[in-house]
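Residue-level structural notes
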Amino acid sequence: MFGSLKSIAYVMVQYTLRMAWGQGVRKPVLGLLFRAQQQAARGYSSSSFQTRVLGTHVPQNDMFHRRLSSQVSSPEQMNLIKQLRERTSAPIKDVKASLVSCNWDIEAAQKDLRKRGVVLAAKKSSRTAAEGLLAIAQDEKRAAVIELNCETDFVARNDVFQYLASSMAKMALSAQGPGQLFLPFGPEYLENMSIKLDHPKLSGETTVQSAVTEVAAMVGENVKFRRGFILSTTAHGVVSSYLHTCPQPGLGRIAGLVTLEAEDSSVSLDALKTVGSSIAMHIVATKPLFLSKELVSAAAVENEREILRTQAESSGKSQMAMDKMVEGRLRKYFEEVVLMEQKYVLNDSTNIKAVLNDLSKEVGSKVTIGNFFRMQVGEGIERPEAADGSEPIAHAAA
């Protein structure tokens, strides 16, 4: 026991001398040895003496951390910070804090970062997330699109964020039940499902909600899975899509989807795919609200007619002239909001109805639009600076 006490006393002497000289003060240290002998005479164990002597003036954990930190050179520390940053994409400040608290053990620090991240993600969950990406996954008969939101477009360019969005779209496509031509869904549809991830910074099997939380922890922003849609066709046809502002295939900020269906099941679908892609792009550009004039509700028509009538009355013209003005402007309204009446963006000398007629003649069978919808990141979300957009509308042919 006395041998152990002497060792401890020697450590304390060395520490006290360093502290004393560092402060420019010379203090006798023989008293410290004398007190160590007194403690031994009173029957203290070495661990008890260590706690009483060392614990009072020099916290053991802090001393241990400083000793280990001093053993890791500055270049090694920078290398560990770089490695952990590459592994996790976490902010440098958090990376360094975890490494220091874990004595520069990179594996322990990575676990610590994940624990910290869950707490931070929960704190940030109330912040507005109106940026992000749409991700599409599709096959010949179906397409699934999901919206994954974040706070800034900078995070939307993050490879882990993009990987998660793409993985969720593929999962949504595989999870769809049979016979559902158009299926809108919210977070509850996917968040408890198991998802397998294979990314250098995000791997393993977990739930969708846990994966979203982990990515939020990595990027330091509020990340939310907001909604999704699945579009299908059971007829002889195709599902076509177009993504605008596309950082990589299957990702974008605005999506247009449409189904084209041929009456004759023997018709080749190649021409339908080509025209379908062009119409999907047209939908993104023109924002149609209805498929045909017949599908515009009577209430919507009457509301527009009333607005146009009020505008015409201010012209001071005769009743007959005002009626003609209203009907002319109403036709213009249909050309703006009805897909079949809209001017084709690739050739404004024709409209979508004529494009479908030409396609029908080309393939030798009548081709119709089954469903369509348009979707944009952040639409309908109240932003701090302004309210933006509205919910996407899907339309089925009568």
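You'll find the structure just up there.
Throughout what follows, the structure given in this document is the object of discussion. (Residues numbered from 1 in each chain as written. Predicted model: local features only at pLDDT ≥ 70, side-chain atom pairs only at ≥ 80, totals over all residues. Heavy atoms only, no water.)

1. Here we look at the side chain of Q342
Locating Q342 in the fold gives a position in the loop between helix 13 (319-337) and strand 10 (343-344). When its relative accessible area of 2% is taken as the criterion, Q342 is described as buried. Of the polar contacts made by the side chain of Q342, one reaches the backbone oxygen of E336; its length is 2.8 Å. (Helix = DSSP H or I, 4+ residues; strand = E, 2+ residues; numbered from the N terminus. Buried < 20%, exposed > 50% of the residue type's maximum accessible area, 1.4 Å probe, protein only. Polar contact = N/O pair within 3.5 Å; in protein donor to acceptor, adjacent residues only side chain to side chain.)

2. Focus on the packing of aromatic side chains
Summed over all chains, the structure comprises six aromatic pairs. Between F182 and F373, the ring centres sit 5.6 Å apart and the planes meet at 65°, which makes this aromatic pair edge-to-face. Here F182 is found in strand 3 (residues 182-185), whereas its partner F373 is found in strand 12 (residues 367-376), with 191 residues between them in sequence. By relative accessible area, which is 1% here, F373 ends up buried. Their ring planes at 50° and their centres at 6.4 Å tell us that F185 and F225 sit as a pair that is tilted. In this pair, F185 is assigned in strand 3 and F225 in strand 6 (residues 224-232), connecting sequence segments 40 residues apart. Residue classification places F185 among the buried residues on the basis of a relative accessible area of 8%. Taking relative accessible area as the criterion, F225 reaches 8% and is therefore assigned buried. An aromatic cluster of three or more residues is present, and its members are F182, F229 and F373. (Phe/Tyr/Trp six-rings, centres within 6.5 Å; stacked < 30°, edge-to-face > 60°.)

3. A closer look at the nonpolar core
Burial of nonpolar side chains together is a common tendency in soluble globular proteins. In terms of nonpolar packing, the biggest core is built from 35 residues, with I146, L148, F161 and M168 touching the most fellow members. Secondary structure elements with two or more residues in this core: strand 1 (131-138), strand 2 (142-150), helix 8 (153-156), helix 9 (159-175), strand 3, strand 4 (194-199), helix 10 (208-219) and strand 6. The element best represented in this core is helix 9, accounting for nine residues. When sequence neighbours within four positions are dropped, the list of residues in contact with M168 reads I146, L148, L190, I195, V208, V212 and F225. Of all hydrophobic cores here, the second largest spans 24 residues; its members include L260, A262, L291 and I369. (Core = buried A, V, L, I, M, F, W, Y, C linked by side-chain atoms within 4.5 Å. Contact = heavy atoms within 4.5 Å.)

4. Overview of unusual backbone geometry
Residue W104 is not a glycine yet carries a positive backbone phi of 65°. For W104, the position within the fold is in the loop between helix 6 (92-101) and helix 7 (106-124). The phi angle at K287 is positive, at roughly 55°, despite the residue not being glycine. Mapped onto the elements, K287 comes out in the loop between helix 11 (270-286) and helix 12 (298-313). Look at K287 and you get partly exposed, because its relative accessible area is 49%.

5. Thoughts on the sheet that holds strand 2
Across the sheet, five strands lie side by side as 3-6-2-1-8; this open sheet has antiparallel pairing. Every interior strand has two partners, whereas the edge strands, strand 3 and strand 8 (251-252), have only one. For strand 1 and strand 2, the ladder comprises eight bridges, and the chain directions are antiparallel. The residue bridging L133 from the neighbouring strand is L148, located in strand 2. This element, helix 9, spans strand 1, strand 2, strand 3, strand 6 and strand 8 of the sheet and lies at about 145° to strand 2. (Pairing = 2+ DSSP bridges. Axes fitted to C-alpha atoms, helices over the stretch in contact; angles between N-to-C directions.)

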